Amino acid sequence: MTIEKPSANALWGGRFEQGPAALMSRINASIDFDKRFYRQDIAGSRAHCSMLVAKGIIPAADGAAILKGLDQVEREIDEGKMVFDPALEDIHMHVESRLKEIIGEPAGRLHTARSRNDQVATDFRLWVRDAMDRLDGLLADLQKALVTRAAEHVETLMPGFTHLQAAQPVTFGHHMLAYVEMVARDRSRLRDARKRMNENPLGAAALAGTSFPLDRHMTSKALGFDGPMRNSLDAVSARDFAQEYLAMASICATHLSRLAEELVIWSSAQFGFVRMSDAFSSGSSIMPQKRNPDAAELVRAKAGRVIGAFNALTIALKGLALTYGKDMQEDKEPVFDAADTIELCVAASAGMILDMTVNAGAMRRATEVGFLTATDLADWLVREKGLPFRDAHHVTGRAVKLAEGQGIGLEALTLADLQAVHPGITGDVFAVLGVENSVRSRTSFGGTAPARVAEAVAAWQRELGL
């Protein structure tokens with residue numbers, strides 16, 4: 001194989017007599033993906049330039065020219081006029097190179113007291129912070145969708161499951177609110193991570209700080225950071241803010257995947273609890289009767305993509321000595337891909353929830369199998385007859401076996417049948433054997449009783465501004 005050796009990259013200065021080989025250029029360039037944070041790069045450059053002028057490090061006239069030029073560069077990228085060239089490696093060099101074409105020599109002063117190390121660390125933090133804010137808004141929309149459906153189904157009965165086996169009756173509204181709580185924790189993790197990461201690396205320079213009299217608090221305020229990072233080595237090398245974002249996104253994706261799995265199950269002919277809208281379904285190329293919950297299946301599958309991004313970044317970082325290594329160029333693609341993926345999945349989940357049709361009749365019919373009120377019978381024996389719960393559990397087990405043998409539900413057993421398994425049972429027991437009565441009785445805080453569900457819905461409506 002012949003390896004081409006192009007001329008030296010002028011932006012690297014005079015240290016290198018020959019430019020990189022063609023393969024080196026391909027593996028080294030990051031412009032194909034880091035162009036995504038051009039806005040953050042230009043914002044950081046504006047803040048840095050203004051600070052340099054304020055501290056008398058560069059002339060005011062040069063600072064004004066730089067700021068005006070940066071406005072033009074941003075407009076050109078916004079309008080799709082920037083031609084991206086792998087020879088310029090990354091977005092930082094593209095902005096600086098175009099700035100020099102526009103304003104000439106003053107552009108060279110912008111990089112005073114700054115390195116690409118602290119520059120990219122700043123850009124990346126700004127981008128991840130923006131991604132966190134976008135995701136928080138999308139998660140709030142998902143919560144609103146879930147609460148909206150919960151409000152419609154405060155009293156809609158359905159089986160609650162353990163091991164995917166019918167366990168006890170609950171309401172569909174209560175089930176929807178379980179996901180509201182999961183998403184609330186996702187948002188809490190997001191806010192915690194955002195607070196921790198909101199520190200400014202800019203001014204750490206390559207790794208050791210700089211001899212110029214910078215005002216890092218000024219740039220921090222301009223960029224919306226709480227303050228500057230306190231150690232220059234940590235400032236240029238830390239990527240745990242990106243790991244936290246991906247960790248949070250992985251947990252969130254897991255929650256979305258669980259919801260998606262239930263939508264897949266519920267929309268099957270065997271369950272029929274919900275019908276997915278045309279907007280989030282597809283047909284079969286050979287079976288005309290099919291209605292496939294493709295959006296839910298893709299949300300379920302894409303969780304692996306987000307979790308994989310966390311693993312990829314963590315593995316890339318795990319063996320790095322301080323401070324910067326080119327390995328860290330691999331930090332962005334997993335984050336960008338995961339951000340795109342989790343945002344799409346959250347939006348799709350909210351859409352599916354709002355658009356699906358709930359079959360309350362099918363849910364109610366499903367509560368009639370599986371002896372869902374068995375625990376209610378055991379609880380009644382404890383309350384009314386003073387049996388230890390373990391004894392009541394055994395009595396109830398015998399009643400279930402009797403009903404199963406007759407092919408009926410517990411509520412269909414006669415009083416004589418029930419007294420055959422325990423002579424102390426009276427007719428009052430039938431008040432707890434119906435699924436409606438069972439659900440209404442679950443009044444403990446956080447329980448599925450419609451009164452409790454209504455309270456929870458109202459609380460979430462207030463919190464979410466619904």
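Our subject is the structure listed above.
Procedures and definitions
- Counting of residues starts from 1 at the beginning of each chain's written sequence and follows it residue by residue.
- With pLDDT at 70 or above as the cut-off, local features in this predicted model cover only qualifying residues; side-chain atom pairs require 80 or more to be listed or tallied, and sums for whole chains, interfaces and linings still use all residues.
- To get the side-chain values, take all heavy atoms of the structure and skip hydrogens and water.
- Secondary structure is summarised from DSSP: a helix means a run of H or I of at least four residues, a strand means a run of E of at least two, and numbering begins at the N terminus for each.
- To get the radius of gyration, use the C-alpha atoms; to get the globule rule, take the number of residues to the power 0.38 and multiply by 2.2 Å.
- Only protein chains enter the calculation, and the probe is 1.4 Å; a residue is then buried if its accessible area is under 20% of its type maximum, exposed if over 50%, and partly exposed in between.
- Contact criterion: two residues are considered in contact whenever any of their non-hydrogen atoms come within 4.5 Å of each other.
- A pair of strands is considered paired only if DSSP assigns at least 2 bridges between the two.
- By definition, a salt bridge exists where a carboxyl oxygen of Asp or Glu is found within 4 Å of a side-chain nitrogen of Lys or Arg.
- Ring pairs shown here join Phe, Tyr and Trp side chains whose ring centres sit within 6.5 Å, with only the six-membered ring taken for Trp; geometry is labelled stacked below 30 degrees between planes, edge-to-face above 60, and tilted in between.

A word on the overall build of the protein
In step 1: Across its full length, the protein holds 19 helices and four strands.
In step 2: A compact globule built from 466 residues should have a C-alpha radius of gyration of about 23 Å, whereas the protein, at 31 Å, is more than 25% larger.
In step 3: Considered along the principal axes of its C-alpha atoms, the protein spans approximately 100 × 55 × 40 Å.
In step 4: Each of the 466 residues in the protein was classed as buried or not, and the buried ones make up 48%.

Some points on the environment of leucine 387
In step 1: Mapping leucine 387 onto the fold places it in the loop between α14 (374-385) and α15 (389-406).
In step 2: As for leucine 387 and alanine 107, which are separated by 280 residues in sequence, their C-alpha atoms are 85 Å apart.
In step 3: Aside from chain neighbours lying at most four places away, what touches leucine 387 is Leu381, Val382, Ala392, Val395 and His422.

Comments concerning the pairing of strand β1 (residues 157-162)
In step 1: The sheet contact formed by β1 and strand β2 (residues 165-171) spans six bridges and is antiparallel. Residue pairing in the sheet places threonine 162 in a bridge with glutamine 165 of β2.
In step 2: Where β1 hands over to β2, the hairpin turn is made up of two residues, of which histidine 163 adopts a positive phi near 60 degrees.

Overview of the pattern of salt bridges
In step 1: With the rule as written, the count across this model stands at 28 salt bridges.
In step 2: The salt bridge partner of arginine 194 is aspartate 133, with a shortest N-O separation of 2.7 Å. With arginine 194 in helix α7 (residues 172-197) and aspartate 133 in helix α6 (residues 116-152), this pair connects stretches of sequence that are 61 residues apart.
In step 3: The exposure class of aspartate 133 is partly exposed, given its relative accessible area of 38%.
In step 4: Through salt bridges with shared partners, a single ionic network connects Arg39, Arg46, Asp71, Glu74 and Asp78.

Points about the packing of aromatic side chains
In step 1: A full pass over the atoms with the stated rule returns eight aromatic pairs.
In step 2: Considering the side-chain rings of phenylalanine 124 and phenylalanine 241, the 5.5 Å spacing of their centres and the 75 degrees angle between planes classify their relative orientation as edge-to-face. Of the two residues, phenylalanine 124 sits in helix α6 while phenylalanine 241 sits in helix α10 (residues 240-266), which places them 117 residues apart along the sequence. Per residue, the accessibility class of phenylalanine 124 equals that of phenylalanine 241, and both read buried.

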